[in-house]
Amino acid sequence: MYDSGGFCYLDARKTGSSFVSQFLAENAASPAIKYVKHAPISTLAQRGDGDKLFFITARDPLSQYQSLYFYGCRGNGRTFRQIARSEYDHLALYDGTEAGFARWLMLIATPGGRDIIAELYPPECAELYGPVTFCFLYLSFVTPARKLPKWLDRDRLPGQYEKKRLHRHVLRCESLNDDLAALAEGDLAPFLRDPGGAAARLRESRERRNSNSKRKPITVSNELKALVQEREWFMYDVLGYPRYV
């Protein structure tokens, strides 16, 4: 979370979060009062009085899984560290191949993978949705560790999300420069030194830090796509990401 007092960015991992945080550090009128990467809002004081601007980033789940996987192939990331610390020998999956990714995804995306990768991921939540959804929802609410294990009904969860989410805006990794530029000219403008200039620079540049755009795409079977769709149903049904099959 990047908290500047008047606004707060909720930085879900592998959604362009480093790029957005750097943009805020370079363009905000005042420095962050608290910056803890990928941390949730844990107190009512942090939430503020209702006028505070919250926004979050999201990403197509299959793309996010691939980014997490290849980040781990370089020995980086919480998921890699959790697997490395587990009693199971799964590090061989990080070989950078399509087969390696497929086996890794089958391990991580299914409810059983929760026992290997989770520090905060409750088992009852793992039965309802996958880790990409959990990561997004964990940052969407104040005190999520208390709330999420209580919201375990697939039909009711979207309503709880709409009613109690912190963020007013969801910026998509796929259109991050344009989404962030629009926010800079809109609700975020009062908190930036030069909103118009910042937005113009975003639109002029198509480059993003930590982008994986130069990596060769890998082929994913329809079976795995269907698995991701089922496990991350929230991202498609509620956030509106397009389905693959």
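Before reading on, note that the structure itself is shown above.
The text that follows walks through the structure, step by step, so that each part is easy to find. (Residues numbered from 1 in each chain as written. Predicted model: local features only at pLDDT ≥ 70, side-chain atom pairs only at ≥ 80, totals over all residues. Heavy atoms only, no water.)

### A word on the sheet that holds strand β4 (residues 53-58)
Pairing is mixed across the open sheet formed by 5 strands, whose spatial order is β3-β1-β2-β4-β5. One side of each edge strand has no neighbouring strand; the edge strands of this open sheet are β3 (34-35) and β5 (169-172). For β4 and β5, the ladder comprises 4 bridges, and the chain directions are parallel. Bridged to I56 within β5 is V170. Packing against the sheet, helix α8 (residues 131-140) makes contact with β2 (7-10), β4 and β5, and its axis sits at approximately 175° to β4. (Pairing = 2+ DSSP bridges. Helix = DSSP H or I, 4+ residues; strand = E, 2+ residues; numbered from the N terminus. Contact = heavy atoms within 4.5 Å. Axes fitted to C-alpha atoms, helices over the stretch in contact; angles between N-to-C directions.)

### As for the environment of M235
Along the chain, M235 turns up in helix α14 (residues 233-237). Between the C-alpha atom of M235 and that of Y129, which follows or precedes it by 106 residues, the distance is 9.8 Å. The residues contacting M235, other than those within four sequence positions of it, are A58, R59, P61, V132, T133, F136, G240 and Y241.

### Comments concerning a positive patch on the surface
The grouping of R146, K150, R156, K163 and K164 at the surface amounts to a positive patch. For R146, the position within the fold is in helix α9 (residues 144-147). (Patch = residues over 30% accessible without salt bridge, like charges linked within 9 Å, V, L, I, M, F, W, Y side chains within 5 Å. Areas by Shrake-Rupley, 256 points an atom, 1.4 Å probe, with all protein chains shown as cover. Salt bridge = Lys/Arg side-chain N within 4 Å of Asp/Glu carboxyl O. Lys, Arg positive; Asp, Glu negative; His and termini not counted. Charge placed at Lys NZ, Arg CZ, Asp CG, Glu CD.)

### Section: unusual backbone geometry
The backbone of K14 shows a phi angle near 60°, a positive value even though the residue is not glycine. Summarising the element assignment, K14 is placed in the loop between β2 and α1 (17-27). Given a relative accessible area of 16%, K14 falls into the buried group. Residue T143 is not a glycine yet carries a positive backbone phi of 45°. Position of T143 among the secondary structure elements: in the loop between α8 and α9. (Buried < 20%, exposed > 50% of the residue type's maximum accessible area, 1.4 Å probe, protein only.)

### Re the packing of α8 against helix α10 (residues 157-164)
Where α8 meets α10, the axes come as close as 11 Å, and the angle between the chain directions of the two elements is 35°. In the crossing of α8 with α10, the sense of the turn from one axis to the other is left-handed. Counting all contacts with α8, which are made through F136, L137 and S140, the residues of α10 involved are L157, Y161 and K164. (Left-handed = near helix turned anticlockwise from the far one by under 90°.)

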